[in-house]
Amino acid sequence: MQKALISILIILALAGSQSAISDDWNEKINTTRLQKYLLETTIDNHNRSTKFIVDTLWIGLKGRKIGRIDNRSLTSSSNRVECLEALNDYVDAVLKGRELWALEMYDASSSVQPGFLSGNIQDMGCYDECVAVTKPSDANVIGKYCTVVVDSGKPFIVEKSISQSQVTYGLCIPSVCHADLIQDLLNGGAVLLNHTLAFKIDEQQCYTRNKRSLGTLDWFAISIFGLFASLAIIATLIDVRYVSSSTATKTISIIHSFSLQKNVHQLLKVSTSRDSMNCLYGLRFMMIVWIICVHRFSQLRSVPAMSMFQHHILVQDWTRAAIVNAYISVDTFFVISGTLLSYSFARKIDKYRQSFSVLKLYLHRYFRITPALAGIVLVYASVSDLWCEGPLYKPFYDSIKKPCMKNWWTTLLYINNYYDSDVMCVVQSWYLSVDMQLYVFISFIHLCMYTFVFAFFRKYEDHRIFLDNYVLTHTRAGSWILGFALGVYLDEFKRNPKVLPKKLRNLGWLLCVLGLFAVIFGILPFQQADHEYSELWDTLFKCLHRHIWAMSICWLIFACSTGHGGFVNAFLSWGAVMQPLGKLTYCIYLVHILILKVQMCAQRTPANFSDITRVTIAFGDVIASMLLAVIFYLLIEAPWCSLERIFLGSEGENTKVRAESRDIGLELTAKSNSK
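Residues numbered from 1 in each chain as written. Predicted model: local features only at pLDDT ≥ 70, side-chain atom pairs only at ≥ 80, totals over all residues. Heavy atoms only, no water.

(A) Here's a closer look at the environment of Y281. Looking at the secondary structure, you find Y281 in helix 11 (residues 279-299). In this structure Y281 comes out as buried when scored by relative accessible area, which is 1%. With 304 residues separating them in the primary sequence, Y281 and T585 have C-alpha atoms 8.5 Å apart. (Helix = DSSP H or I, 4+ residues; strand = E, 2+ residues; numbered from the N terminus. Buried < 20%, exposed > 50% of the residue type's maximum accessible area, 1.4 Å probe, protein only.)

Here it is as structure tokens:
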């Protein structure tokens, strides 16, 4: 593994030592003292560094001049002559004139960076310096930043952590040049220098300072969100000035749904009912924080970082088990969702016997969770890339905007975990699809038969294959069904309360804690470098760990909801803090990936791959996600939940029944969807 890296590093160093531009560095220049200092520093640094990308490009350009490279091998393009002239001017401006614009362009390109052998294999140069370059005598020639992929023909195999990585660098060129022509010159220069390297440049990964103009979809999105903001302001003014509960008509109630005063009050409202499951508020919020942290930590593996090759060593440490295995927290939300569905049905079974509409049930579910999801889909598909500028724009575009421009409809129909799942719009929405599919299927069976019998078959799950197993409904149903069973039993227990012996309570908590820790730290043996694969133990862990986690969470919910939660329930049910945060969980779930991606797109230098960096950045991610979630909650989720109750009547319940339902925590159903 290290031999491939060392050989590439030697080749790159040799490329720098064979520079074609070192002969003219000693010419004198006339400039200000500060500029002279900066320019001479740049020139002097060149003699000690390896600007191998620029050097290889210039060797290729020189080879074309003297006939060492066949001009017919260069890409045929309408601006080829213009590009070659601009490159020659650029070289002359550096070597002879030492003009500032040309030296800035040269300085903005990458060189062989420190820490190459430990994983710092993606150097981005200086993007902002490059795109700010303008040739004084020709305003049409500006800096153009391109990402260059260096291919040695051999993948970098690094234990079990990174199967293949690419060496990438930043190259600053005149804007009139197309990526194909630059690629041909680089590869021609590599041949002249007897390099075994191949260079690849994609025009889609070349950027100038010119930003794209707003399109039709952008204006549509801006109009939609402007409309919601206007409705919120108008409704708030009407609410403050005119609305009273005694005189409110249906029309006034519709307008009132958008009132910021009303929705803020709803967000901060604290339930004090003894019969509620208030522990779910805190449980959901703690789980979403955990998920944001693991998403942040995994994000740092997909961007340029120092010591990237140390990852396989870091994951062997027991202190990082909670991060390596953090995705198990998603099963907590499946348990919550199943519990609330069955508990709700059990509480209203008598009403359903008298009057029940399957269509209204599904419409209720759809319109409770879809508007906020549609809002984030619209942001992804339209204006999201306006917040992203930099060398990592294309990865942002490919993971955020492009999938939603193509498959927005599969997300809103909750089928994106099966249909074209490799191009998934709002990737975290796979959870919503699984939850909706289970809701439709299980609720239909339960309401038709007024009973339930469950047996599930769990497919062998390879956790390394996200699309084939992780996001599919039939592989994630176990935790949901265990939660469903808990809801039925919890309703029966509350109707016929029983005294739990102290020994039974203590045993339950002991098994709960042991189960949670066994799942979190049970992955450690599989992460060790000397681990010998055992099909039996591997299969047992993969088949059982989600169910053990789900059963432990089931006990936690049961104990906290029946007065046996102690300090755990006191913390999770902390009304003034956990209940408002718990209500924001769904919107946090929707917006947090966008926060992570925008932050990624702003990156200009390799990240420091350390625990303290990840923790502090993750803390900022949580705060930023909460702030954006408040906006989504007040402008979209809360108003649409109110409209849904007005038009669909919360499955036909009157106001009094709805109030009682909210007191026992049933409104959590729509907000339990998080990953």
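(B) A look at the nonpolar core. Counting 157 residues, the largest nonpolar core has Y90 and I182 as its most contacted members. Ranked by residues supplied to this core, first place goes to helix 26 (residues 585-601) with 11 residues. Setting aside residues no more than four positions away along its own chain, Y90 makes contact with V54, W58, W101, A102, M105, Y106, C172 and P174. (Core = buried A, V, L, I, M, F, W, Y, C linked by side-chain atoms within 4.5 Å. Contact = heavy atoms within 4.5 Å.)

(C) Structural context of the packing of aromatic side chains. Overall, the coordinates contain 25 aromatic pairs when judged by the stated rule. Geometrically, the ring pair formed by Y207 and Y393 is edge-to-face, given 6.0 Å between the ring centres and 75 degrees between the ring planes. With Y207 in strand 4 (residues 198-207) and Y393 in helix 17 (residues 393-412), this residue pair connects regions lying 186 residues apart in the sequence. Residue Y207 shares its accessibility class with Y393, and that shared class is buried. Relative to W430, the ring of F334 has its centre 6.2 Å away and its plane inclined at 50 degrees; by these criteria the two rings are tilted. (Phe/Tyr/Trp six-rings, centres within 6.5 Å; stacked < 30°, edge-to-face > 60°.)

(D) View of the state of the cysteines. Under the criterion given, the structure shown has five disulfides. A sulfur-sulfur separation of 2.0 Å characterises the disulfide bridge that pairs C83 with C177. Given an S-S torsion of about 100 degrees, the disulfide between C83 and C177 has right-handed geometry. One end of the pair, C83, is in helix 4 (residues 80-97); the other, C177, is in the loop between strand 3 (167-174) and helix 7 (179-192), and 94 residues separate them in sequence. Across the pair, exposure class does not vary: C83 and C177 are buried alike. Across the disulfide, C388 is cross-linked to C601 (sulfur-sulfur distance 1.4 Å). (Disulfide = S-S within 2.5 Å.)

(E) Highlighting a nonpolar patch on the surface. A cluster of nonpolar side chains, contributed by L536, W537, L540, L544, I548 and M551, occupies part of the molecular surface with about 610 Å² of accessible area. Along the polypeptide, L540 turns up in helix 23 (residues 535-561). By relative accessible area, which is 35% here, L540 ends up partly exposed. (Patch = residues over 30% accessible without salt bridge, like charges linked within 9 Å, V, L, I, M, F, W, Y side chains within 5 Å. Areas by Shrake-Rupley, 256 points an atom, 1.4 Å probe, with all protein chains shown as cover. Salt bridge = Lys/Arg side-chain N within 4 Å of Asp/Glu carboxyl O.)

(F) Quick look at the pattern of salt bridges. Per the counting criterion, the structure on display carries 13 salt bridges. D89 is the partner of K135 in a salt bridge, and the nearest nitrogen-oxygen pair spans 3.5 Å. Of this pair, K135 sits in strand 1 (residues 134-135) while D89 sits in helix 4, and the two are 46 residues apart along the sequence. Between D128 and R604 there is a salt bridge, with the nearest N and O atoms lying 2.8 Å from each other. Placement of D128 in helix 6 (residues 127-131) and of R604 in the loop between helix 26 and helix 27 (611-652) is noted, with a sequence separation of 476 residues between them. The exposure class assigned to D128 is partly exposed, which follows from its relative accessible area of 39%. If you follow the salt bridges from partner to partner, you end up with R212, D218, D385 and K401 in one network.

(G) Seen up close, helix 26. Given a rise of 1.5 Å per residue, 17 residues ought to cover 24 Å, and the 25 Å separating the end C-alpha atoms of helix 26 matches this to within 8%. Of all the bends found along helix 26, the most pronounced is centred on V591 and spans about 35 degrees. Counting buried residues in helix 26 gives 14 out of 17 residues, a clear majority hidden from the surface. (Expected span 1.5 Å × (residues − 1). Bend = angle between axes of the 7 residues up to and from the residue.)

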